Amino acid sequence: MELSIRNIRKEFDRFPALHGVSLDIRSGELIALLGPSGSGKTTLLRLIAGLEFPTSGAIFFGEDDASQKTVQERNVGFVFQHYALFRHMTVAENIGFGLKVRPRRLRPSAAQIRRRASELLELVRLPGLENRYPSQLSGGQRQRVALARALAIEPKVLLLDEPFGALDAQVRRDLRRWLREIHETTGHTTVFVTHDQEEALELADRVVVMSQGAIEQVGSADDVYDRPLTPFVYGFIGESSRLPVRVDTGGVWIDDRSLGLAAVDVPDGPAHLFFRPHDVELVEGCGGCIAGVVVSSRRVEATRRVELAVGGDRRIVEIELPADHPAALRSRIAFRPRSWKLFADAQAGREACAETV
Ligand code: ADP
Ligand code: MG
């Protein structure tokens, strides 16, 4: 099922939780909504589900305007972080619940429902657990049963809101791989909400990066990491360093020193230079480079993380050096980022606001 989210605005007591969100989701796609807490991910998911209704804008399921339809009419399946299973029902009863409560003419027989529950338990790799109660399952097993329950109704769209959020790191990683495999088997159009970038980048066909009720960028894991379109995305996906600079006549400057970088399509005036701490090359004495004095250095796994004060000590940037680099305190280091991006301050300022949320 294709989904088209068209210019959605959602206000709660006049507070805009989403403004102007548009997104097309392809049939069979696994999409991740990724953003910090409060960015509007759950709100968008609940609007798709029909648990909330938009203040303005529309949501299409295929050719149908579903904006005013109920959850049941939309036929969506959910899994939430804390969407507990029914404690007094067995695993099989939990999975069959959505079928059992259908109107009589649409309801499969009790034997069919039991068979469907067993098939789904095979699919989620928990065969034979039909008669257990939720209290007799681990956290990871419960979330797998919750997914089986969501799939039982043969949903048009599967919606998952931080489904592994309450589980520990190793279980999360296992379930991530498992979910990807299930998705490849069943091919449901799936929207997965997470604030964990590793989870989003590993799992999804495309990632939707959200901040402050708006979409910042939609793209593959490569797109959002290698070609971030906004300061927020550069800062949020992967590690980044940023340096306040000035753009003048096509060049990038700190005070009266040129960094030897060409500023294309960035207006003259204050700007921020973004780069990845690991993606720098050291240079010997420089005409065009970034030079700074080591203010701190620490060993992190296979590398050394060094903070440099650049242009006086007002600007601190972090770079990553080989572990055997001495990086003595107060020594001078000059480098050049291998890849980088400039954002004029009007844009970078927005990100500074986003960070305080
Ligand atoms: P996320 O899932 O990305 O953490 P949410 O969609 O839950 O973000 O929330 C987005 C914003 O909308 C937040 O500022 C939140 O406080 C607000 N919000 C969400 N639901 C409600 C509600 N029912 N009433 C009032 N404000 C809400
Ligand atoms: Mg949420």
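Residues numbered from 1 in each chain as written. Chains lettered and ligands numbered in written order. Predicted model: local features only at pLDDT ≥ 70, side-chain atom pairs only at ≥ 80, totals over all residues. Heavy atoms only, no water.

*Asks:* Tell me what's going on with the site of ligand 1, and back it up with residues and numbers.
*Replies:* Around ligand 1, a shell composed of Phe12, Phe15, Ala17, Pro36, Ser37, Gly38, Ser39, Gly40, Lys41, Thr42 and Thr43 is seen. One of the backbone nitrogen or oxygen atoms of Ser39 is found 3.1 Å away from an oxygen atom of ligand 1. Taking Gly40, its main chain carries an N or O atom lying 3.0 Å from an oxygen atom of ligand 1. Burial of ligand 1 by the protein amounts to 61% of the accessible area it has alone, namely 560 Å². Mapped onto the shell around ligand 1, the elements with two or more residues apiece are strand 2 (15–25) and helix 1 (41–49). A total of three residues in the shell around ligand 1 trace back to one element, the largest contributor, which is helix 1. Tallied by class, the residues present in the shell around ligand 1 amount to four nonpolar, six polar and one charged. (Near = heavy atom within 4 Å. Polar contact = N/O pair within 3.5 Å; in protein donor to acceptor, adjacent residues only side chain to side chain. Areas by Shrake-Rupley, 256 points an atom, 1.4 Å probe, with all protein chains shown as cover. Helix = DSSP H or I, 4+ residues; strand = E, 2+ residues; numbered from the N terminus. Nonpolar A, V, L, I, M, F, W, Y, C, P; charged D, E, K, R; others polar.)

*Asks:* Can you explain the layout of surface pockets? Please cite residues and give values.
*Replies:* Here the largest pocket defines a volume of roughly 500 Å³. Along the wall of the largest pocket there are 15 residues; nearest its centre are Val71, Gln72, Val76, Gly98 and Ile153. Top contributing element to the lining of the largest pocket by residue count: strand 6 (residues 76–80), with three residues. Residues belonging to the lining of the largest pocket are distributed by class as follows: nine nonpolar, four polar and two charged. (1 Å grid on protein atoms, 1.4 Å probe; cavity = no way out; pocket = protein on both sides within 12 Å on 5 of 7 lines; lining within 4 Å. Points joined across faces, edges and corners; volume = space filled by probe spheres on them.)

*Asks:* Summarise helix 6 (residues 169–186); cite the residues concerned and give the values.
*Replies:* Between its first and last C-alpha, helix 6 extends 25 Å over 18 residues, near the 26 Å set by a 1.5 Å rise per residue. For helix 6, every residue scored as buried is listed here: Arg172, Leu175, Arg176, Trp178, Leu179, Arg180, Ile182 and His183. Of the residues one or two after helix 6, Gly187 is the one with positive phi, at around 70 degrees. (Expected span 1.5 Å × (residues − 1). Buried < 20%, exposed > 50% of the residue type's maximum accessible area, 1.4 Å probe, protein only.)

*Asks:* If you had to explain the pattern of salt bridges to someone new, which residues and values would you point to?
*Replies:* For the structure shown, the criterion picks out 23 salt bridges. Salt-bridge contacts for Glu29 lead to Arg26; the nearest nitrogen and oxygen are separated by 3.4 Å. Glu29 sits in the buried class, given a relative accessible area of 4%. Asp248 is the partner of Arg246 in a salt bridge, and the nearest nitrogen-oxygen pair spans 3.3 Å. A residue is classified by how much of its surface remains accessible, and Arg246, at 34% relative accessible area, is partly exposed. Here the residues in one salt-bridge network are Glu239, Arg298, Arg305, Glu318 and Glu320, joined through shared partners. (Salt bridge = Lys/Arg side-chain N within 4 Å of Asp/Glu carboxyl O.)

*Asks:* Talk me through the environment of Asp13; I want residue IDs and the actual numbers.
*Replies:* With respect to the helices and strands, Asp13 occurs in the loop between strand 1 (3–12) and strand 2. It is 35 Å that separates the C-alpha atoms of Asp13 and Gly238, two residues lying 225 residues apart in sequence.

*Asks:* Pulling in residues and values, what's your account of the pairing of strand 10 (residues 214–219)?
*Replies:* Strand direction decides the pairing type here: strand 9 (residues 206–211) and strand 10, joined by five bridges, are antiparallel. In the sheet register, Val207 faces strand 10, and the bridge partner there is Gly219. Connecting strand 9 to the next strand, strand 10, in antiparallel fashion are two residues, including Gln212 with a positive phi near 50 degrees. (Pairing = 2+ DSSP bridges.)

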